[in-house]
Amino acid sequence: MWTGEIVAYMLSTTIRRDVRRETIANLAATDWDAEPVVILDQERYDDLKLRMSDNGRSLLLRAISGPGDVFLFLEDDLAFNRSLRWNLERWPPLLERPLGADFYASLYNPNVGSLSEDMDGETYRIVDPENVYGSQAVVMSVSMAALILRDWNDVRGLPDIKMSRLAARRTPIYYHLPSLVDHRQAPSLWGGVAHAASDYSPDWRAV
């Protein structure tokens, strides 16, 4: 069982206060047993996409200065599996990762496809980073976050694209099977297309 500290950081904005409150309440209804650290958009830019990128970078900067070797990157419009912490602490890709090693994974899968064949009883898949989108619930090592920040401007796009493509230079991209997080249907700030997890299970619990 994973016994390291995992802090949850949540991206949000002042205008999404009600959406954020619902998501924090949803997290509190699980076994996570900790408040997320909310990273609010500082509104330094007029362009919404620039603001999203700036806020994502701010979250990573906060995470690498925080406790623990691994952290959880969350958006603010989510539903959660009731045994979120239990399942994450027993997840093979995290358990088998050497302390300090780079790591990048998602607990939310909007049907991005797979590079690895799904097998009975398996709780993860490895995906093609070029198909990855969405940063609803990402589990990341502090070392990975530091490398992503270093090379932030190497990849164009919003944080979900930047982070996944940069992470793929150093590590496979893991997806939890089934999804432990789903995307609630709240209005997009920048007009993005609505999507949801293809295999979300609110009740699934690891043996």
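Report on the accompanying structure. No experiment lies behind these values; they were computed from the predicted model shown. Position labels on residues start from 1 in each chain and follow its written sequence. In view of the model being predicted, local features appear only for residues whose pLDDT reaches at least 70, and side-chain atom pairs are presented and counted only at 80 or more, with totals across whole chains, interfaces and linings using the full set of residues. Remark: hydrogens and water are excluded; side-chain values derive from all non-hydrogen atoms of the structure.

1. Here we look at the environment of tyrosine 200
Here is the rule: To qualify as a helix, a DSSP run of H or I must reach at least 4 residues; to qualify as a strand, a run of E must reach at least 2; elements of each kind are numbered from the N terminus. Burial classes follow relative accessibility: with a 1.4 Å probe on protein chains only, a residue under 20% of its type's maximum area counts as buried, one over 50% as exposed, and anything between as partly exposed. Residue contacts follow a heavy-atom distance rule, with two residues in contact if any of their heavy atoms lie within 4.5 Å.
Checked against the element boundaries, tyrosine 200 lands in the segment after β9 (181-183). Classification of tyrosine 200 by relative accessible area gives partly exposed; the value is 24%. Along the chain, tyrosine 200 and leucine 107 lie 93 residues apart, while their C-alpha atoms are 9.3 Å from each other. Beyond its immediate sequence surroundings of up to four residues, tyrosine 200 is in contact with Ala79, Phe80, Asn81, Ser179, Leu180, Val181 and Asp182.

2. Overview of the pattern of salt bridges
Keep this limit in mind: Here, a salt bridge means any Lys or Arg side-chain nitrogen found within 4 Å of an Asp or Glu carboxyl oxygen.
Tallying each qualifying case throughout the model produces twelve salt bridges. One salt bridge in this structure joins aspartate 77 and arginine 16, with 3.0 Å as the shortest N-O distance. Of this pair, aspartate 77 sits in the loop between β3 (70-74) and β4 (78-80) while arginine 16 sits in the loop between β1 (6-12) and α1 (17-28), and the two are 61 residues apart along the sequence. Bridged by salt links that share partners, the residues Arg150, Asp151, Asp154 and Arg169 form one connected network.

3. What to know about helix α6 (residues 159-167)
Counting buried positions along α6 yields eight of nine residues, so the element is predominantly enclosed. Listing the buried residues of α6 in full gives Pro159, Asp160, Lys162, Met163, Ser164, Arg165, Leu166 and Ala167.

4. Here we look at the sheet that holds strand β8 (residues 173-176)
Within a sheet, neighbouring strands are paired by backbone hydrogen bonds and run either parallel or antiparallel to one another. Heads up, the condition is: In this analysis, strands are considered paired if DSSP registers two or more bridges between them. Note on method: axes are straight lines fitted to C-alpha atoms, helices fitted across the in-contact stretch only, with angles between N-to-C directions ranging 0 to 180 degrees.
The sheet built from seven strands is open, its strands ordered β2-β1-β3-β7-β5-β8-β6 with mixed pairing. Two strands close off the open sheet at either side, each with one partner strand: β2 (37-40) and β6 (124-127). Across the sheet, the axes of successive neighbouring strands diverge by a mean angle of 25 degrees, strand direction being ignored. Where β1 meets β2, four bridges bridge the pair, whose relative direction is parallel. Looking at β2, one finds that serine 12 is bridged to leucine 40.

5. Notes on the pairing of β3
Burial within β3 is extensive, with five of its five residues counted as buried. With burial as the criterion, each face of β3 is covered, one bearing Val70, Leu72 and Leu74 and the other bearing Phe71 and Phe73. Where β1 and β3 come together, five bridges link them in parallel fashion. Following the sheet pairing, valine 7 is matched in β3 by phenylalanine 71. For β3 and strand β7 (residues 137-141), the ladder comprises five bridges, and the chain directions are antiparallel. Residue phenylalanine 71 lies in a different strand from β7, and its bridge partner there is methionine 140.

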